[in-house]
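Listed here are the chains, written in short residue letters.
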Amino acid sequence: MAKFARTSQKLLLALENGAKIRGHRRCVSNLPRVKIIDGTSGEKIIPSPYGSIPIPEMPVHEYTWRNYTQYENKIAMECGATGRKYTYAQSRDYSNYVARSLLNMGLKRGDVIAIILPNMPEHGISFLGALEAGLVVTTVNPFYTVGEISRQLISSDAKGVITSVEIANTVLEAASVLKPIKAPVIVVDDGTGPIPEGGIPFQDLIEKGKSLPAVPQYPWSPNSLAALPYSSGTTGLPKGVMLSHMNLVSNIEMMENTIGQEAWNPTTDTFQEVMPTVLPLFHIYGMNSIMLPRLAAGSKLVTLPKFLPELYVSVLDKYKATVLFCAPPIILFLGISPLVKKHHLENVHSVISGAAPIGDGDVRRFYEKFQLDKSKVSFYQGYGLTETSPVTFLEKSSKKFNSIGRPICNSEARLVDPITNKDVKAPRETGELWVRGPHVMLAYYKNEKATREIINEDGWLKTGDLAYYDEEFDFFITDRLKELIKVKGFQVPPAELEALLRTHPDIEEAAVIGVPDERCGEVPRAFVMKKKESKLTEEEIQNFVKKQVAEFKQLRGGVVFVDNIPKNPSGKILRSKLKSEYVK
C-alpha cells in the first residue's frame, strides 16, 4: 500500500480463459463501466466498479472466530523458526483465557494495551484476546529503541504491555515510564532465554484463565475503538490512528468481496491455504490484510520473526506455500536471489504486494525467472493507508503492474487539484487522491487539529498522494504531497529525525529528506548546519542517530553539510527545495 506506515498494499481481478485453480473457477473480467458521479458542490466522484455490500456489525474477535469450528483441528498459526503451533480450537480457547486474565489483572474495558512482538503465533492470540476483553490494542514496532517505545506508550496511554523474552529487557526499560500506573509487562517465552524479573509469563494467562470467570458482556457499538496503530499521516510526527471494530471488519469485507474468490480458496477437509507471514503484524498491512482476514477464513499462517533469506526459502519449501503476501523488496528478492528455485513456488497461485509501490520490471522479472503462467499465478497490488484500515485500491488484472487499480468495494475516490481545490475532470490529469468509505479511521488519537487537516466535513480523507487515472479508470500514483520517507514500506517522518538531530550540541539546524534507493525504495538523508568551530563529521552524526532510532530510520542516505536550511517566511523547512537541488 502506498502510504506505508500508512500503510500497505495488495491484490487482483479475474483471469482470462476461465482457468480452474484447485477446483476454483477464475472469472473473466467483466467490470461494469465506471461512471463519474457529480457531487452537489462540483465533486467528480469515482465509485468502486465492484459495487457495495452490507457490512456485518460484529466486533473484530467475534467476526474472526465466527466459523472456526468448521476447521478447529487445522493449524491456525505456526512459528516457521521453532515449529511452535496452535490449532484453531486452541487459538480460540487461548485468546479467551487471555481475555479473562487481562481483566483479572485489573485492566478495564477501553484501556489500551501495547503488543510489542515480532511475528509469532502468540501475536494473534494476544490481539484477539485483548479485543475480547474490551481493550484497545496499540501495536508497536518490536525493533524500536527504548526511547521510541516509551514515546508510543505515553502517547497511547497504554496500561499494559505484551512482549517476548528476546526484547523484554528493552521493553521493561521503556515501560518504566508507566511505573506510576504499575503497568503489567507480559512476556511470551520464545525460547531465547529466561523471562526477566518483572515480567509476567504469557503462559500464566492461559493456565490461570481457564478457571477464571467468563468474560462479561459489555456494551458495544460499531464505532467502539479496537486498534490504535501509529502513523505520521501526511506529515509530522507519529499519531495514533483510531480504528474501530467496524473500520477493521469493513475493510476485510470490502477486500473479500473485491477479490476473495479469486485470490484464495476456501478451507475444506482436504485443503488449506498456507501463507508465510514475514510482513510485520504490528503494521496495518500485516494486521488487517493478513492476520485477521486469513484467520477468519481458516488459513494457515506460518510466522517468521524477521526476514532472513535462508529461513524464508526454507519455509516456502517445507510448508508448500500457496499465497505470498509481499512488499516490493521481497518481490525483488524472489526475482534475483539464487536461493529461490522454481520448485519453491510450485504451489503458489496468488501473490499480493503492498506497503510501497512496485516496479513493473520487478514483477515481470519475477514471472520470467520462474516461467510462471499468469492464468495460474495471479499478481495483485493494493494501495492504502493506516488511516484506511488499510486497503482502498486494488489492481487485479495482472496487466498494469505499476497501477494501484480501482477503488475496492464500498469505497469512493476523487482527484483534487491541490492548488485550485477543484476536482480533476479528465483522464491523465493529476490531483491529490481523496478517498471515502466505512474503512476510513475515526480520528487521530487526541489530535483534533491533525484530524481536521486530513478528513473534511464530508468524510473525504486526503491521502497526500498525487495521482491520475487513465481512460479505463485505473489509477496511478505519481508523487507525494506529503514529506514522509518510505523505507521498505515503513514510514520515516522527517520531523522526527530533525528534532533528534537538533539535540546534538554541535548542530545548529537540520533538515531530512528521502532519497531514492534501489533496495529500500528511499532512505533518509540529513542536511546539517554545524555550529561555529564544530569539527563534527558525517560518521559521528550517523552514529549519533543510529543509537537512538530503529534500523530503518538511520541516515543511510548520508549527511550533507550546508550553510543554511531553506525555509519559508513562517519558518517551515522547504524540503522540496532541498530535493530539487540535491537529488537528481
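Reading the values: the criteria
- Residues numbered from 1 in each chain as written.
- Predicted model: local features only at pLDDT ≥ 70, side-chain atom pairs only at ≥ 80, totals over all residues.
- Heavy atoms only, no water.
- Buried < 20%, exposed > 50% of the residue type's maximum accessible area, 1.4 Å probe, protein only.
- Helix = DSSP H or I, 4+ residues; strand = E, 2+ residues; numbered from the N terminus.
- Contact = heavy atoms within 4.5 Å.
- Pairing = 2+ DSSP bridges.
- Core = buried A, V, L, I, M, F, W, Y, C linked by side-chain atoms within 4.5 Å.
- Axes fitted to C-alpha atoms, helices over the stretch in contact; angles between N-to-C directions.
- Parallel < 35°, antiparallel > 145°, perpendicular 65-115°, else oblique.
- Left-handed = near helix turned anticlockwise from the far one by under 90°.
- Expected span 1.5 Å × (residues − 1).

Draft legend 1. Broad picture of helix α4 (residues 146-156). Turning to α4, its buried residues number three or more, namely E148, I149, S150, Q152, L153 and S156. The inward-facing, buried residues of α4 abut β7 (112-115), β8 (136-139), β9 (158-164), α5 (165-175), β13 (230-231) and α13 (494-501). Once α4 ends, the next one or two residues include D157, with phi positive near 60°.

Draft legend 2. Geometry of the sheet that holds strand β3 (residues 37-38). Read across the sheet, 6 strands follow the order β3-β4-β22-β23-β25-β26 without closing on themselves; strand pairing throughout is antiparallel. The two strands at the open ends of the sheet, each matched to only one other strand, are β3 and β26 (475-480). Examined bridge by bridge, strand β4 (residues 44-47) and strand β22 (residues 412-416) share 2 bridges and lie antiparallel to one another. Counterpart to P47 in the pairing with β22 is E412.

Draft legend 3. Just the nonpolar core, in detail. By size, the foremost hydrophobic cluster in this structure holds 121 residues, and its most contacted members are Y312, L324, L334 and L433. Membership of the second largest hydrophobic core comes to 59 residues, among which are V165, L178, V185 and V487.

Draft legend 4. Main features of the packing of α13 against helix α14 (residues 538-546). In contact at an axis separation of 10 Å, α13 and α14 are set at 110° when each is read in the N-to-C sense. As summarised for this structure, α13 and α14 are arranged roughly perpendicular, according to the angle between their axes. α13 and α14 meet at a crossing whose hand is right-handed. Two secondary-structure elements touch here, α13 through L497, L500 and L501 and α14 through I541, F544 and V545.

Draft legend 5. Local environment of helix α2 (residues 88-104). Helix length check: α2, at 17 residues, gives a terminal C-alpha distance of 24 Å against a target of 24 Å (1.5 Å per residue), a fit within 8%. Counting buried residues along α2, 13 of its 17 residues qualify, which places the element largely inside the surrounding structure. One or two positions beyond α2, positive phi appears at G106, with a value near 105°.

Draft legend 6. Spotlight on the environment of R452. Along the chain, the position of R452 falls in helix α12 (residues 448-454). Along the sequence, R452 and L394 sit 58 residues apart, while their C-alpha atoms lie 27 Å from each other.

Draft legend 7. How the structure looks around the sheet that holds strand β18 (residues 350-353). Spatial ordering of the open sheet is given by β17-β18-β19-β20-β21, a layout of 5 strands whose pairing is mixed. Looking at which strands have only one partner, the edges of the open sheet turn out to be β17 (323-326) and β21 (406-407). Bridge count for strand β20 (residues 391-395) against β21 is 2 bridges, and the pairing is antiparallel. Bridge pairing links F393 to P407 in β21. Contacts between helix α7 (residues 245-263) and the sheet are confined to β17, β18, β19 (378-384) and β20, with β20 contributing the most and set at about 20° to the helix. Across the sheet, helix α10 (residues 328-336) is in contact with β17, β18 and β19; its angle to β17 comes to roughly 125°.

Draft legend 8. Structural detail: unusual backbone geometry. Here the bond from S389 into P390 is cis, since omega is 5°, no more than 30 degrees from zero. Mapped onto the secondary structure, P390 falls in the loop between β19 and β20. Non-glycine residue N410 carries a positive phi angle of around 75°. Positionally, N410 belongs in the loop between β21 and β22. In this structure N410 comes out as buried when scored by relative accessible area, which is 16%.

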